[in-house]
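The lines below spell out each chain.
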Amino acid sequence: MNEPTHSESTLPGPQGFTGLTLALTLVAGLAVGAAAIWLLRGGSSALVVAEDNHKADAPEGIVEITEAAQKNASLQVVRADTQVLPAVIDVTGLVAPVESRVAHIRPLARGLIETVSVSLGARVLEGQPLVVYDNIALGELIGQYLSEVAVLGQAETDREVKQKALERSQELIKLEAIAQQQFEQRRAEFRNAEATVASQKARISMVEEQIHRFGLSDTDLANLSPEEGKSGHRIASHNVLRAPFAGIITKYDVAAGEVVEPERELFTITDMSTVWIQADVYEKDLGRVRAGVDAAIKADAYADRPFTGRLTYVSDVIDPATRTAKVRCVVANPDGALKLDMFVKVAIPTNDRRSAVVVPVAAVQTVDQQRIVFVRQSATRFERRIVQIGKTAGDLVEVTSGVKAGEVVVGAGSFYLKTALLRERIGGEQ
């Protein structure tokens, strides 16, 4: 009868002992390797764990900033205050040009366009050349002027001859060498010559006035003479149309080589440094609106940029279809941010008053399409608060929720905290 056999794995023989030893050695090696890696990294793993634990201690949306960093960033804190603000009427408006600052440039007379110096949308300065054209009417007037000047020269020569003849007659009449009738005839001839010279000067003055209307000065006329002939004529008949003030070319209808008439508008120049906001106010609200107040204006294209306009005009006419009246705000637009026909929102203050919690406009930042402010919790800790904002009054903005009166918020320098908040968020996602 055979002896029962046993699996080698159940025996505590040398082979089984070697496997156990190998396993223990591997575990120990891993531990030593981990320790070595930790040492090579200078204990960074422990620091990361400690940093993560530190972040876990601080609620999300809290920013820690040392007092020295706050000073370097010029942080300023203010207390949210309750103020009495005027109630406002919210209307929509349209950006329009100031009518007195729109120039419609037309040629002074029929002419041939030679050179065009600007293009549509170009910004021009006051006095800048726009187009050069050969003014046909001016050329004809210059030709007439030169002809009249030549006739004047002849008349003056004839007057000098008549004057000398009269002077000789005066000497002869004293000697009784000529008859009185002949003397009187010489005197009449001289007076007629004088009248002819005066009449010719008047004709020249009339032509000069017409030429001055085309922009030529007395100096320009003095440089012309009949001897210059056609060359002087051709040079002087070229007119330059210039910009009457600085602005933008908002209409363009001209090309070199075209013959244009004075009725044709070649350019429209609009001064956009100041614009009008035209808005409609319902008839029922007109009693609460008055000229002379500052209205808050916002454009969708500039969500974080408020504009201020002075309400200068309330129409006396009601639109029978909409039962609204036009109101006009004048807005400074030095950088041209507001474009013609752009839609804007207008908040017009009224005589009514209401109490509201306000903070500086500089305190409000935008993160994830939400408006936030930073509320101070301690000397170095600031809490992000999501807020709802209302109307803007100067450099203050109404906070309808998220901040209570008396809480201390960061005003100037809040963008620095926003940057720190976003930097921490990016670090946490890595």
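Quick look at the structure, then. Sequence order sets the numbering: in each chain, residues are counted from 1 along the sequence as written. The predicted origin of the model limits local features to residues at a pLDDT of at least 70 and limits the giving and counting of side-chain atom pairs to 80 or more, whereas totals for whole chains, interfaces and linings rest on all residues. Side-chain figures throughout are based on the complete set of non-hydrogen atoms in the structure, without hydrogens or water.

1. Observations regarding the nonpolar core
Our working definition: To qualify as a nonpolar core, a set must consist of buried Ala, Val, Leu, Ile, Met, Phe, Trp, Tyr and Cys residues joined through side-chain atoms within 4.5 Å. Type-normalised accessible area, obtained with a 1.4 Å probe on protein chains alone, sets the label of each residue: buried when under 20%, exposed when over 50%, and partly exposed for intermediate values. Helix numbering and strand numbering both begin at the N terminus, where a helix is a DSSP run of H or I of at least 4 residues and a strand a DSSP run of E of at least 2. Any two residues whose heavy atoms approach within 4.5 Å at even a single point are treated as in contact.
In this structure, Ile-277, Ile-297, Leu-338, Val-344, Val-346 and Ile-348 are the most contacted members of the largest nonpolar core, which totals 25 residues. Sorting the residues of this core by element identifies strand E3 (81-97), strand E12 (274-282), strand E13 (294-299), strand E14 (302-319), strand E15 (324-332) and strand E16 (343-360) as the ones contributing at least two each. Apart from the residues within four sequence positions on either side, Leu-338 is in contact with Val-95, Met-272, Val-275, Ala-299, Phe-307, Val-331, Asn-333 and Val-344.

2. Focus: the pattern of salt bridges
Our working definition: A carboxyl oxygen of Asp or Glu within 4 Å of a side-chain nitrogen of Lys or Arg is what we treat as a salt bridge.
Applying the stated rule across the entire model yields 18 salt bridges. Measuring nitrogen to oxygen at the nearest pair gives 3.5 Å for the salt bridge that ties Asp-253 to Arg-264. Placement of Asp-253 in the loop between strand E9 (247-252) and strand E10 (259-260) and of Arg-264 in the loop between E10 and strand E11 (267-270) is noted, with a sequence separation of eleven residues between them. Overall, Asp-253 belongs to the partly exposed group, its relative accessible area being 35%. For Asp-335, the salt bridge goes to Arg-305, with nearest N and O atoms at 2.9 Å. A residue pair is termed long-range when its members are at least 10 positions apart, and Asp-335 in the loop between E15 and E16 and Arg-305 in strand E14 qualify at 30 residues. You can call Asp-335 partly exposed: its relative accessible area is 46%.

3. A word on the sheet that holds E9
Counted only if it meets this: A pair of strands counts as paired when DSSP detects no fewer than two bridges linking them.
If you walk across this open sheet you meet the four strands as E4-E11-E9-E6, and the pairing is antiparallel. Strands at the two margins of the open sheet, each flanked by one partner only, are strand E4 (102-105) and strand E6 (123-124). Pairing of E6 with E9, which is carried by two bridges, proceeds in the antiparallel orientation. By the bridge assignment for E9, Arg-123 is matched with Ile-248.

4. Describing helix H4 (residues 136-174)
Selection rule: One fewer than the residue count of a helix, multiplied by 1.5 Å, yields its expected span. By the criterion applied in these results, polar contacts are pairs of N or O atoms within 3.5 Å in which, for protein atoms, one can donate a hydrogen and the other can accept it, and in which residues neighboring in sequence qualify only through two side-chain atoms.
Taking 1.5 Å of rise per residue, 39 residues should cover 57 Å, and H4 covers 58 Å from first to last C-alpha, within 8% of that figure. Within H4 the residues assigned to the buried category are Leu-138, Gly-139, Leu-141, Ile-142, Tyr-145, Leu-146, Glu-148, Leu-152, Ala-155, Ala-165, Leu-166 and Ser-169. The distance from a side-chain oxygen at the start of H4 to the backbone nitrogen of Ala-137 is 3.1 Å, and the residue carrying that oxygen is Asn-135.

5. Focus on the packing of H4 against helix H5 (residues 180-212)
Keep this limit in mind: Simply put, an axis is a line fit to the C-alpha atoms, just over the touching stretch for a helix, and the angle between two N-to-C directions goes from 0 to 180 degrees. An angle below 35 degrees is treated as roughly parallel, one above 145 as roughly antiparallel, one from 65 to 115 as roughly perpendicular, and anything else as oblique. Put simply, a crossing is left-handed when the front helix is turned counterclockwise from the back one by less than a right angle, and right-handed when it is turned clockwise. Residue classes follow a fixed rule: Ala, Val, Leu, Ile, Met, Phe, Trp, Tyr, Cys and Pro count as nonpolar, while Asp, Glu, Lys and Arg count as charged, and any other residue, Gly among them, counts as polar.
Close contact between H4 and H5 brings their axes to 8 Å; oriented N to C, the two are set at 160 degrees. Here H4 is positioned roughly antiparallel relative to H5, judged by the angle of their axes. By crossing handedness, the relation of H4 to H5 is classed as left-handed. When its residues are assigned to classes, the contact of H4 with H5 shows 18 nonpolar, eight polar and twelve charged.

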